[in-house]
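Structural description and commentary
Chain residues, written in single-letter form:
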Amino acid sequence: MSSRDEMHDSWLAALREGLRNVRFSEAEDLTVECAFYGHLYNDGKAGTGWQYVVGDLRPGVEEDLLVALAEAVEEPSYEASSKAAYAPRSVQWAIRVLQSRKVFGGTAARIIGFIKQVARYLRDDDFRKAVLAEFSTAMESQPRLIIAHSLGSVVAYDWLRCHEATSATTLITLGSPLGLRPVLRELHPLWDACQAPWPTGIATWVNIAAKEDVVASVKELDGLFAGKIHDLPASNSRGTAHDAATYLKNVRTAQAVKVALD
């Protein structure tokens, strides 16, 4: 999304379409407030386009995230990878796997761009504070529920676990990477020894993951956090497996929203 207005209009249209399909009588009265932070990436640090190459991946959380995504969909076999010196064999293997699965169109630059976006949120403290401040502003509208897609689910969880209870008691995560080990370890260093904290004030957490969505390669979040998560599958097509609008129109999402608003 290139702007807050674009995000607002596309999300609202998709949500209303899904809600009309499940005969929610108040679909046309639905309003949304967007926590938009895409513009914050365009400050010279992350670049203005998808021009990354494999050599741009940094050791540590960026390489770990890339490999974790690939390992979630295919058993490692690093021996088949090239021995080029610019990247570890595990990274080369991960790129090959994700390209074969057509993640983000199968373009290495876009795959790496997504990895760097997630890693920057997790590791750049100033950037993270700016994103959370935007989320705080959006929450001033007193929403009845929170719907978070992709990296937005990481942001929503991160904000909720650090704030007092709000007007929203339902969290719906779509295409979430929250189940990836590197993400959980960055958010909660003690995660390996115990479950991650439950988001403050949330009574119901619904997590929807499409079968073909590699970003949400860990389909079930229940058991990773200190509370009950309702994990539901979706059957988005491979080409739109991670697409926000596709998730928002999905019958699983519409039903969860309808229950939260009834």
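Figured I'd write up the structure that's included with this text. Numbering of residues starts from 1 in each chain and follows the order in which that chain's sequence is written. Confidence filtering applies because this is a predicted model: local features only for residues at pLDDT of at least 70, side-chain atom pairs given and counted only at 80 or more, and all residues used for totals across whole chains, interfaces and linings. The side-chain quantities take in all heavy atoms of the structure and omit both hydrogens and water.

Overview of the pairing of strand 1 (residues 145–149)
Stated formally: The rule is simple: take the accessible area with a 1.4 Å probe, protein chains only, and divide by the maximum for that residue type; under 20% is buried, over 50% is exposed, in between is partly exposed. Helix and strand definitions here come from DSSP, where helices need a minimum of 4 consecutive H or I residues and strands a minimum of 2 consecutive E residues; each element is numbered from the N-terminal end. Criterion used throughout: strands pair if DSSP finds at least two bridges between them.
Of all five residues in strand 1, five are buried; the element is thus mostly enclosed. Residues of strand 1 alternate between two faces, with Leu145, Ile147 and His149 on one and Ile146 and Ala148 on the opposite face, all of them buried. The pairing of strand 1 with strand 2 (residues 170–174) spans five bridges and is classified as parallel. Of the residues in strand 2, the one forming a bridge with Ala148 is Thr173.

Re the packing of helix 1 (residues 4–21) against helix 9 (residues 251–261)
To be explicit about the condition: The angle between two axes is taken between their N-to-C directions and runs from 0 to 180 degrees, where each axis is a line fitted to C-alpha atoms and a helix contributes only its stretch in contact. Should an angle lie under 35 degrees it is considered roughly parallel, over 145 roughly antiparallel, and from 65 to 115 roughly perpendicular; all remaining angles are considered oblique. Contacts are assigned to residue pairs with any non-hydrogen atoms lying within 4.5 Å of each other. Three categories are distinguished: nonpolar for Ala, Val, Leu, Ile, Met, Phe, Trp, Tyr, Cys and Pro, charged for Asp, Glu, Lys and Arg, and polar for the others, with Gly belonging to the last.
Remark: helix 1 packs on helix 9, axes separated minimally by 8 Å, with the N-to-C direction vectors making an angle of 85 degrees. Between helix 1 and helix 9, the angle falls in the class roughly perpendicular. From helix 1, Leu15, Gly18 and Leu19 reach across to helix 9, where they touch Ala254, Val257 and Lys258. Partitioned by chemical class, the residues of the contact of helix 1 with helix 9 number four nonpolar, one polar and one charged.

Here we look at unusual backbone geometry
Although it is not a glycine, Arg23 adopts a positive phi angle of roughly 60 degrees. For Arg23, the location among the structural elements is in the loop between helix 1 and helix 2 (61–71). Here Arg23 falls in the exposed class, since its relative accessible area comes to 74%. One non-glycine residue, Gln142, lies in positive phi territory at about 60 degrees. Note that Gln142 resides in the loop between helix 5 (125–139) and strand 1. The exposure class assigned to Gln142 is exposed, which follows from its relative accessible area of 51%.

Structural measurements only, silent on function.
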